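# Geometric and topological summary
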Amino acid sequence: MYQDQEQDGPNTLKETEAQERAKHFSAVSYDLSLNLQPNQKTYRAVLKITFNFKGSDDQNHLFLDFVGKTIESFKVNGKAVSENPFKRNRVFFKKEDLNNGSNVVEINYVNNYDKSGAGFHQFIDPVDNEEYLYTNFEPFDAHRWLPCFEQPDIKGKIKLTVKAPEKWKVLANGKKIDLDTKDGFSTWKFEETPAISTYLFACVVGPYDEFTDNYDNRIPLGLYVRKSLSKHLDKDVFFQQTKQGFGFYEKFFEYQYPFSKYDQVFVPEFNAGAMENVGCVTFTEHYIFRDPPTKSQVANRADTILHEMAHMWFGDLVSPVWWDGLWLNESFATYMAALCVAEATEFGNLSWQNFNSGMKAWAYREDQLSTTHPIQGTVADTDQTFLNFDGITYGKGASLLKQLVYVIGKDSFQKGLSHYFKKHEWGNTTIQDFLLALSYGAKQCGFDYDEKKWSSQWLETAGLNSFLPHIESSEDGTIKSLVIEQEHPPEHPTYRNHTTEIVFVNWDASKNATTVEGTFRVEVLAQKETPVGSLVGKKRPDFVFLNYNDHAFVKCLLDDKSELFARTHLEKLSDPFLRQLLWDAYYNMARDGKMLSKHYLALVTDKIKFETDPKLIQTILRRASGTLSFFIPDAIKLEESQKLFDLSLESLKKSPENSEQAIIWARSAIDFAKTKESVATLVPFLEPGKKLGIIRWISLRDGPLSFILLLGISRGPRNFWNLS
């Protein structure tokens, strides 16, 4: 029996160690049997690992990763190991015990359940005292469950057997192939998986409620939820969006779903939104709507569903060599999910509105901070994997993929992906492999694209460019010249090539409406000024915007004529997405000190009352809240918050009861209740049965803290920004 001699030692893997180990270990298979008893702090396991070994004179990289309580026995090629091999969260081999070629390792061990949400997590439901278990491994926690070669490029097959109480269900990466029940316990056996990265292994256990369906009579679908939450699950919507995803991705990737089944499980105390385990995706329970959701909430959840599904191809079928490829994994799934929601579900362009106000806004914000960094960087060890897991790796990466698709065309992108999956199936890749595949797709469509130049400009440098149009008109009202001035921050002096779409808009007084006169694809050069000769001679419009449809990753400013038009006719623009992009421009002006923050809030209170798009209302109010908190001088914060509160409450009263707008305005009223007067106005609505009871519901549902704050602040005058 062995225990870790130095269990407080480092629990990390260096990239250099992984590179060396990958040279010598391959063709790995894990055969794991778990014995799970109810209401215990530990579990027992029997593991057999087979692998090929290519001889080495270096002893230092001959190890399995493992965090465990006790190893009860350890055999290498049938020979019991007498000396304790277990130290510093690793199980070491002696090179003289290994064969050149095939090897078998057998390990019996006991381990503790985890309580942190990583590893093999145990949860006791406080409602019914039922026990639930699940694995969560990305990037480096599979070795909390089993001894393994834990790095993404040493893929392994896994065959799982689990003994558990009869009333528990057991889920794994593969299909169940046998179930035997005896004396109150069931033994579940699962098919062996293809070779996958260890962070994608999965085991979920507990008395889950189960719902089943299938896609195309070919892919079994499962949906699992705790019994105490089952009544809230809108399973039909979930299955519908899952099927829409399969239909879209199989066609777009020209590659059928590569695994045998697809389960989706809501797990308690989950640390993230979801995790793309092969064939067994786990989700936070926050995606179970206890109350009727807004359309935007359902669209955002659909985005998460389809994000994880995209990983089945990009990340699971084809995996990164090392964790410096994590940004591409996540950026790809983020972009593809937005595209899938837009083109395969009922939500259409709402998907791109959500993308712009969520992921892209996050990226813009982080790329203007002193902490920004290039997307592509080094990850020296597993501890560094999540250090740069931020708005740059997620949001900017996905935004650049959207931009790149516009540059090379969707057909090029699609052909490149099809080539990528077929060429690299079941393997591991780098960013260079991905960009070369897109270059191949572009050439197939007759488009010449320099992937090295694109990578150099966009992946290897930091910072956000901005565009400002300079437009001169001739006496006949046509454009004499149109020059796009590109700016860069002083600390990141990089001009870049951009491909953008310009829109011309005019005001039609006879119809009291705006009309789009034309849209134009324009190449902006990597220099300070780019003349746009193709637009010379066209009639100058009332309004020009330089990033229509949000393709480019750039901050757009307005020329004077367009800015004056927008202030007067903003709400008259017929396209809600264009209105959203224009509001982005105004927010950036306030953030950059090119517009007084109080003038920005005045524009909000003046124009938002005419806005009809719920998603845009929500986005504008969130930006107004940020402006109030961070940009407005302290001396006028309460005055400005009162104006926004009055606006919110008045708009709430005009909204249909319990509508999406009502929910948005109620949350806004609570958010802007910063003064004694505004709180006093809200407090009567906290009583049960009162008119505008949605205020009570929102304040309680969104968290007891807001309810308590409202009641507490109402006791006397208190400055929200200085509660002491």
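One can find the structure itself at the top, above this paragraph.
All of the points below concern the structure found in this document. Remember, it's a predicted structure, so these values are computed and weren't measured experimentally.

## Details of the overall build of the protein
- Across its full length, the protein carries 18 helices and 29 strands.
- For the protein, the C-alpha radius of gyration of 28 Å lies close to 27 Å, the compact-globule estimate for 724 residues.
- The C-alpha extent of the protein, read off along each of the three principal axes, is 90 × 65 × 50 Å.
- The distance from the centre of the 83 positive side-chain charges to the centre of the 96 negative ones in the protein is 2 Å.

## Thoughts on the layout of surface pockets
- By volume, the second largest pocket amounts to about 410 Å³.
- For the lining of the second largest pocket, the element with the most residues is helix α5 (residues 350-367), which contributes six residues.
- Within the lining of the second largest pocket, the residues separate by chemical class into seven nonpolar, six polar and five charged.

## Remarks on the environment of Asp180
- Here Asp180 is to be found in strand β13 (residues 176-182).
- Taking the C-alpha atoms as reference points, Asp180 and Gly358, separated by 178 residues in sequence, lie 48 Å from one another.
- Ignoring any residue separated from it by four or fewer positions in sequence, one finds Asp180 in contact with Phe185, Ser186 and Thr187.

## Thoughts on the packing of aromatic side chains
- Summed over the entire model, instances satisfying the criterion amount to 59 aromatic pairs.
- Centre to centre, the rings of Phe248 and Tyr249 are 5.7 Å apart; their planes meet at 70°, and the pair counts as edge-to-face. Like Phe248, the residue Tyr249 is buried in the burial classification.
- Residues Tyr249 and Trp313 carry aromatic rings whose centres are separated by 5.8 Å and whose planes lie at 55° to one another, so their mutual orientation is tilted. Here Tyr249 is found in helix α2 (residues 235-253), whereas its partner Trp313 is found in the loop between α3 (295-311) and β21 (319-320), with 64 residues between them in sequence.

## Side note on empty space enclosed by the protein
- Tallying each qualifying case throughout the model produces four cavities of 30 Å³ or more.
- Of the pockets and cavities examined, the largest cavity occupies roughly 100 Å³.
- With four residues, helix α11 (residues 576-591) is the largest single contributor of residues to the lining of the largest cavity.
- Looking at the lining of the largest cavity residue by residue, the class counts come to six nonpolar, three polar and three charged.

## Topic: the side chain of His307
- Inspection of the secondary structure puts His307 in helix α3.
- Ignoring anything within four residues of it in the chain, the contact list for His307 reads Glu330, Ala333, Thr334, Ala337 and Tyr394.

## Side note on the pairing of strand β4 (residues 70-76)
- Bridge count for β4 against strand β8 (residues 101-112) is six bridges, and the pairing is antiparallel. The residue of β8 that forms the bridge with Val76 is Val105.
- Taking the residues between adjacent antiparallel strands as the criterion, β4 and strand β5 (residues 79-80) are bridged by two residues, where Asn77 takes a positive phi near 55°.

## Comments concerning the nonpolar core
- Counting residues in each nonpolar core, the largest one holds 225 residues, and the members touching the most others are Trp145, Met336 and Phe434.
- Considering each element in turn, this core owes the most residues, 13 residues, to helix α4 (residues 326-344).
- Setting aside chain neighbours within four positions, we find Phe434 in contact with Phe314, Leu328, Phe332, Leu401, Phe413, Leu417 and Tyr420.

## Looking at the side chain of Asp209
- Looking at the element boundaries, Asp209 is found in strand β16 (residues 209-215).
- Within the structure, the side chain of Asp209 is placed 2.9 Å from the side chain of Lys227, a separation counted as a polar contact.
- Reaching out from Asp209, the side chain makes a polar contact with the side chain of Ser230 at a distance of 3.0 Å.
- Apart from residues no more than four positions distant in its own chain, Asp209 is found in contact with Leu223, Tyr224, Val225, Lys227 and Ser230.

## With respect to the packing of helix α7 (residues 410-424) against helix α8 (residues 431-444)
- It is at 7 Å that the axes of α7 and α8 come closest, and there the two elements cross at 130°. When the axis of α7 is compared with that of α8, the two are oblique. As for how α7 packs across α8, the hand of that crossing is right-handed. Contact residues: Ser412, Phe413, Lys415, Gly416, Leu417, His419, Tyr420 and His424 in α7; Asp433, Phe434, Ala437, Leu438, Tyr440, Gly441, Ala442 and Gln444 in α8.
- Across the contact of α7 with α8, the residue classes tally to eight nonpolar, six polar and two charged.

## Overview of unusual backbone geometry
- A cis amide bond links Glu138 to the next residue, Pro139, at an omega of 0°.
- Structurally, Pro139 can be placed in the loop between β10 (131-136) and β11 (156-165).
- Even without a glycine there, the phi angle at Ala27 is positive, about 50°.
- Inspection of the secondary structure puts Ala27 in strand β1 (residues 25-35).
- With a phi close to 50°, Asn512 is a non-glycine residue in the positive phi region.
- As for its position among the elements, Asn512 is in the loop between β25 (498-508) and β26 (513-524).

## Considering α7
- When the terminal C-alpha atoms of α7 are compared, their 21 Å separation across 15 residues agrees well with the 21 Å that a helix rising 1.5 Å per residue should span.
- Residues of α7 that are buried include every one of Ser412, Phe413, Gln414, Gly416, Leu417, Ser418, Tyr420, Phe421 and His424, and no others.
- Buried residues along α7 sit against α2, α4, α6 (392-408), β22 (428-429) and α8.
- Count one or two residues on from α7 and you reach Trp426, which has phi positive near 65°.

## A word on the sheet that holds β26
- The sheet built from three strands is open, its strands ordered β26-β25-β28 with antiparallel pairing. In this open sheet, the two edge strands, each paired with only one partner strand, are β26 and β28 (543-545). Across the sheet, the axes of successive neighbouring strands diverge by a mean angle of 20°, strand direction being ignored.
- Strand direction decides the pairing type here: β25 and β26, joined by 11 bridges, are antiparallel. Note that in β26 the partner of Ile502 across the bridge is Phe520.
- Contacts from helix α10 (residues 560-569) reach β25, β26 and β28, with the element oriented near 105° to β28.

## Some thoughts on the sheet that holds strand β6 (residues 86-87)
- Sheet architecture is open: three strands sit in the order β3-β7-β6, paired in antiparallel fashion. The sheet terminates laterally at β3 (63-65) and β6, the two strands that pair on one side only.
- In the sheet, β6 pairs with strand β7 (residues 90-92) via two bridges, with the strands oriented antiparallel. For Phe86, the partnering residue across the bridge sits in β7 and is Val91.

Rules and cut-offs
- Residues numbered from 1 in each chain as written.
- Predicted model: local features only at pLDDT ≥ 70, side-chain atom pairs only at ≥ 80, totals over all residues.
- Heavy atoms only, no water.
- Helix = DSSP H or I, 4+ residues; strand = E, 2+ residues; numbered from the N terminus.
- Rg over C-alpha atoms; globule rule 2.2 N^0.38 Å.
- Lys, Arg positive; Asp, Glu negative; His and termini not counted.
- Charge placed at Lys NZ, Arg CZ, Asp CG, Glu CD.
- 1 Å grid on protein atoms, 1.4 Å probe; cavity = no way out; pocket = protein on both sides within 12 Å on 5 of 7 lines; lining within 4 Å.
- Points joined across faces, edges and corners; volume = space filled by probe spheres on them.
- Nonpolar A, V, L, I, M, F, W, Y, C, P; charged D, E, K, R; others polar.
- Contact = heavy atoms within 4.5 Å.
- Phe/Tyr/Trp six-rings, centres within 6.5 Å; stacked < 30°, edge-to-face > 60°.
- Buried < 20%, exposed > 50% of the residue type's maximum accessible area, 1.4 Å probe, protein only.
- Pairing = 2+ DSSP bridges.
- Core = buried A, V, L, I, M, F, W, Y, C linked by side-chain atoms within 4.5 Å.
- Polar contact = N/O pair within 3.5 Å; in protein donor to acceptor, adjacent residues only side chain to side chain.
- Axes fitted to C-alpha atoms, helices over the stretch in contact; angles between N-to-C directions.
- Parallel < 35°, antiparallel > 145°, perpendicular 65-115°, else oblique.
- Left-handed = near helix turned anticlockwise from the far one by under 90°.
- Expected span 1.5 Å × (residues − 1).

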